[in-house]
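Each chain, letter by letter, is given below.
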Amino acid sequence: MAYCKPVGAICAGEGAYPSVNEGQMSVKNCGYGYRGYSYRECTNGSLGPEVTTHCVLLPPENVRYSSTGFVFVIGQTVSTGIPLVRNIATNWEISSQSLPAGLSLSSTTGEISGIPTERVSSQSVTMNGQSDGASQKVVLTFTVLLPLSAFSYPQSTYILPRSQSFSDTPLITGDVPVYSIESGELPPGLTLDSMNGMIYGSPSQSITDQNVVIKAENAVSNQTFPLSFTTRILRTVVHYSQ
């Protein structure tokens, strides 16, 4: 791609532009994300301004965020980070659905950030990275949760009669907790419901001061509460007639 004119003075190369003779074009490939070439004309012993009219943006490809599913805490500053993309996306927009309340999209970087103000569950949003009429889409899912707090059972110590039915349910603030035993174990015959935290059943053995720690957690937080159980056979009082 040399445009030849009568040879005269030589223009020294600059950066990726090679040295050329007077009247010739110093040519290099366009930068990342473009196809074609740019040039500078050698005039009076120096390279002129860069001409990029032959550089054309390549379409954006392989758009990807750090995750396709984001779980955020309501009321906290959050961000998806800036997405990666092959080639260049000069503009970003939402092509379907909407972001959770409190979040916004940067049209220049594709980053989604803000402070979510409402709870949502698995809200899908289609993002569109664009350049010169070409585009690449990616679907993201957002969940916004209230963190767990104030987790407790009505009692921390239980003394239960053996072989009698028992149940108790915890108090908790927050979204979609799942319950499990973090340490220790429940007395034989008692069971923990992982969905609502209820402990229920009929104690089948006599035990003293058996400790167990119950854990409540969701995708953004967790809480624990210690319990102690004693189970025993109730004494039977016999009355004799006079």
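What counts and how
- Residues numbered from 1 in each chain as written.
- Predicted model: local features only at pLDDT ≥ 70, side-chain atom pairs only at ≥ 80, totals over all residues.
- Heavy atoms only, no water.
- Pairing = 2+ DSSP bridges.
- Helix = DSSP H or I, 4+ residues; strand = E, 2+ residues; numbered from the N terminus.
- Axes fitted to C-alpha atoms, helices over the stretch in contact; angles between N-to-C directions.
- Disulfide = S-S within 2.5 Å.
- Buried < 20%, exposed > 50% of the residue type's maximum accessible area, 1.4 Å probe, protein only.

*Asks:* Now, about the sheet that holds strand 18 (residues 166–168): what can you tell me, with residues and values included?
*Replies:* The three strands are arranged 18-22-21 in an open sheet whose pairing can be described as antiparallel. The two strands at the open ends of the sheet, each matched to only one other strand, are strand 18 and strand 21 (190–192). Averaged over neighbouring strand pairs, the angle between their axes works out to 25° when direction is ignored. Direction of pairing for strand 21 relative to strand 22 (residues 199–201): antiparallel, over a ladder of three bridges. Within strand 22, the residue paired with Thr191 across the bridge is Tyr200.

*Asks:* Can you explain the state of the cysteines? Please cite residues and give values.
*Replies:* Under the criterion given, the structure shown has two disulfides. Each sulfur in the disulfide pair Cys11 and Cys42 lies 1.8 Å from the other. Judged by the sign of its S-S torsion, about 85°, the bond between Cys11 and Cys42 is right-handed. Of this pair, Cys11 sits in strand 1 (residues 10–11) while Cys42 sits in strand 4 (residues 34–43), and the two are 31 residues apart along the sequence. For Cys11, a relative accessible area of 0% corresponds to the buried category. Note on Cys42: relative accessible area 1%, which makes it buried. There is a disulfide in this structure between Cys30 and Cys55, and the S-S distance comes to 1.8 Å.

Function cannot be read off these values alone, since they describe shape.
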